[in-house]
Amino acid sequence: MGQTFELVTVERHDHVAELTLNRPQAHNALSTAMAAEIGAATATLAADRDVRAVVLSAMGEKAFCVGADLKERNSYSDADLMRQRPIFRAAFAGVLDLPMPTVAAVHGFALGGGFELALSCDLIVADETAVLGLPEVTVGVIPGGGGTQLLPRRVGSARAADLVFTGRRIDIDEAERLGLVDRRAPTGEARKVALELAGQIAANSPVGLRNAKRALRAGAGLDLAAALDVEDSAWRATAFSGDRREGVAAFNEKRRPSWPGE
């Protein structure tokens, strides 16, 4: 990828890129340095036209990510916290704004900013050990990585309010019932299942994938007529592409398509 990171890693699996949180000794708590690396890594991935899907995973057995590094923040002045804020916002936005489909592979604790990183992905795979929550109000803040906006879009405003106001943690069973988990994996296999899902996605047209994601995101919250206009724009951007011509040809020739990606 042309960059070297210490607190995250980026690995390629054909057309799937895996972005891995790599601070297991701290349960992948988000430090300022780690957030900066997430922002830089996602910027690089966003510009890579060869990447068709991204998996967000984490090193260590106990946690996907426990949220902001409160040990680091304990020494922060108000000015330090303000300087950290744009770095954190860029990290969460970097994941959320990736133009290709994204899949979170969650195991163990995904709390606060860790849960928000997962919510920033299009799909969430979680294994039996997953524990999810937004406990920010229990330490005197609120979810600031998109939690107050992304969670209600997944589960509705009242259910989101329950989780945000109580700060309680939920297990895999409740997460699945609420619709927070899209694929449930056996213990220790969230990453494997997420990579398989991303591989299935990446076999499809990269132009189609990016435009489908754009339509899904841009149309959310609009009235139906406006949302259908968004879809029409995305359809036009895909229908006259080389991918569409190759897809139709491959179908008629009974072969796998070789996507030009444009």
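Refer to the structure above for everything that follows.
Because the structure is predicted, anything quoted here is derived from the model rather than measured. (Residues numbered from 1 in each chain as written. Predicted model: local features only at pLDDT ≥ 70, side-chain atom pairs only at ≥ 80, totals over all residues. Heavy atoms only, no water.)

A. Seen up close, a nonpolar patch on the surface. On the surface, a cluster of nonpolar side chains totalling about 250 Å² of accessible area is made up of Leu-70, Val-139 and Val-141. Mapped onto the elements, Val-139 comes out in the loop between strand 8 (131-133) and helix 5 (147-155). (Patch = residues over 30% accessible without salt bridge, like charges linked within 9 Å, V, L, I, M, F, W, Y side chains within 5 Å. Areas by Shrake-Rupley, 256 points an atom, 1.4 Å probe, with all protein chains shown as cover. Salt bridge = Lys/Arg side-chain N within 4 Å of Asp/Glu carboxyl O. Helix = DSSP H or I, 4+ residues; strand = E, 2+ residues; numbered from the N terminus.)

B. Structural view of the pairing of strand 1 (residues 8-13). As paired strands, strand 1 and strand 2 (residues 16-21) are joined by 6 bridges and run antiparallel to one another. Pairing of Arg-12 across the sheet is with Ala-17, part of strand 2. Counting the residues in the hairpin turn of strand 1 and strand 2 gives 2 residues, including Asp-14, whose phi is positive at 60 degrees. (Pairing = 2+ DSSP bridges.)

C. Fine view of the nonpolar core. Counting 49 residues, the largest nonpolar core has Val-106, Leu-151 and Leu-180 as its most contacted members. At 5 residues, helix 1 (residues 32-46) tops the list of elements feeding residues into this core. Look past the residues within four positions of Val-106 in its chain and what remains in contact with it is Phe-64, Ala-118, Ile-124, Val-125, Ala-126, Asp-127, Ala-130, Leu-132 and Ala-190. (Core = buried A, V, L, I, M, F, W, Y, C linked by side-chain atoms within 4.5 Å. Buried < 20%, exposed > 50% of the residue type's maximum accessible area, 1.4 Å probe, protein only. Contact = heavy atoms within 4.5 Å.)

D. Geometry of the sheet that holds strand 3 (residues 53-58). Strand order across the open sheet formed by 6 strands is 1-2-3-5-7-10, with mixed pairing between neighbours. Since the sheet does not close on itself, it has two edges, and those belong to strand 1 and strand 10 (183-185), each with one partner. Across the sheet, the mean angle separating the axes of adjacent strands is 20 degrees when strand polarity is ignored. Note: strand 5 (residues 102-106) against strand 7 (residues 123-127), 4 bridges, orientation parallel. Following the sheet pairing, Val-103 is matched in strand 7 by Leu-123. (Axes fitted to C-alpha atoms, helices over the stretch in contact; angles between N-to-C directions.)

E. Expanded view of the packing of aromatic side chains. Applying the stated criterion across every chain, the model contains 2 aromatic pairs. Across from the ring centre of Phe-88, 5.1 Å away, lies the NZ or CZ of Arg-73, which sits over that ring. (Phe/Tyr/Trp six-rings, centres within 6.5 Å; stacked < 30°, edge-to-face > 60°. Lys NZ or Arg CZ within 6 Å of the ring centre and 35° of its normal.)

F. Region of the structure containing the packing of helix 9 (residues 206-219) against helix 10 (residues 224-239). Put simply, helix 9 and helix 10 touch, their axes get as near as 9 Å, and they point 170 degrees apart. When the axes of helix 9 and helix 10 are compared, the pair comes out roughly antiparallel. On the side of helix 9, the interface is formed by Val-207, Gly-208, Asn-211, Arg-214, Ala-215, Ala-218 and Gly-219, while helix 10 contributes Ala-227, Val-230, Glu-231, Ser-233, Ala-234, Ala-237 and Thr-238. Residues that form the contact of helix 9 with helix 10 fall into these classes: 7 nonpolar, 5 polar and 2 charged. (Parallel < 35°, antiparallel > 145°, perpendicular 65-115°, else oblique. Nonpolar A, V, L, I, M, F, W, Y, C, P; charged D, E, K, R; others polar.)

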